[in-house]
Amino acid sequence: MTDHRAPRPKARRTRNRGTRWALLRMFEVPDATEPDRVYLRRLRIVQTPWFGLYLHWIFLPDRDRDPHDHPWPFVSWVLRGGYTETTWTTPVDLQQHVRNRWSAHRISTRVAHSIDQLQPRTVTLVAVGRRCRDWGFWTPTGWVHYAAYDRAGEGPDPFGGPL
């Protein structure tokens, strides 16, 4: 069986890996298949090297070919709207979840997920733990770093940047 878990780093290096401190900083993430559309708008209420608190406005479901994981464990609370999500703890162990308004759930760094269906105007509050690695995609051939993942079928990740 192919290992879909990200490799664990031997040493922790955060220098030159992007912004680790933020206060009330907003940015948008383009859609994977239509880069002129906004997939997600994130307000970093506070971000430190140890934790972060984000507000997400989610406009589109995940449209990548494969599910993705995250570089930190997180807890997400649905404040408005809702969505259906599939999670994978192994490549063959998948579960579907309905995330309704006011629901909360936790996802570890060893779980991949994909938002499949989305209610209009969905907003979530997300508390993230300490970053412990980069994020990536669980593909049929194994885990692939986000920068090397061919999202649009046209070469390396055209969007870059941390999610």
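Everything quoted here is computed from the prediction, not taken from an experiment.

**Student:** Outline the pairing of strand β9 (residues 122-128), listing residues and values.
**Tutor:** Among the 7 residues in β9, 5 count as buried, and that is most of the element. Of the pairings in the sheet, the one linking strand β3 (residues 52-58) to β9 comprises 7 bridges and is antiparallel in character. Within the sheet, the bridge partner assigned to Ile-58 lies in β9 and is Thr-122. Inspection of the sheet shows strand β4 (residues 74-80) paired to β9 by 6 bridges, in the antiparallel sense. Its bridge partner lying in β9, Val-75 is registered against Ala-127.

**Student:** Please give an account of the packing of aromatic side chains that cites residues and values.
**Tutor:** Counted by the stated rule, this structure contains 5 aromatic pairs. Ring geometry for Tyr-54 against Trp-72: centres 6.1 Å apart, planes inclined by 65 degrees, an arrangement best described as edge-to-face. You can see Tyr-54 sitting in strand β3 and its partner Trp-72 sitting in the loop between β3 and β4, a full 18 residues away along the chain. An identical accessibility class is assigned to Tyr-54 and Trp-72; each is buried. Residues Trp-135 and Tyr-146 carry aromatic rings whose centres are separated by 4.9 Å and whose planes lie at 5 degrees to one another, so their mutual orientation is stacked. Within this pair, whereas Trp-135 is found in the loop between β9 and β10 (136-139), its partner Tyr-146 is found in the segment after β11 (142-145), the two being separated by 11 residues in sequence. Taken together, the ring pairs connect Trp-135, Phe-137, Tyr-146 and Tyr-149 into an aromatic cluster.

**Student:** Run through the confidence of the model for the chain, naming residues and quoting values.
**Tutor:** Averaged over all residues, the pLDDT of the chain is 86; the fraction at 70 or higher stands at 80%. In the model, residues 8-16 has pLDDT below 50 throughout and makes 10 contacts with residues more than four positions away in sequence or in other chains. Under a pLDDT of 50 for its full length, residues 154-163 has, in the predicted model, 24 contacts with residues more than four places off or in other chains.

**Student:** Talk me through the side chain of Thr-124; I want residue IDs and the actual numbers.
**Tutor:** Of note, Thr-124 is situated in strand β9. Classification of Thr-124 by relative accessible area gives buried; the value is 2%. Look past the residues within four positions of Thr-124 in its chain and what remains in contact with it is Tyr-54, Leu-55, His-56, Ile-58, Ser-76, Trp-77, Val-78, Leu-79 and Tyr-83.

Parameters at a glance
- Residues numbered from 1 in each chain as written.
- Predicted model: local features only at pLDDT ≥ 70, side-chain atom pairs only at ≥ 80, totals over all residues.
- Heavy atoms only, no water.
- Buried < 20%, exposed > 50% of the residue type's maximum accessible area, 1.4 Å probe, protein only.
- Helix = DSSP H or I, 4+ residues; strand = E, 2+ residues; numbered from the N terminus.
- Pairing = 2+ DSSP bridges.
- Phe/Tyr/Trp six-rings, centres within 6.5 Å; stacked < 30°, edge-to-face > 60°.
- pLDDT = per-residue confidence, 0-100.
- Contact = heavy atoms within 4.5 Å.

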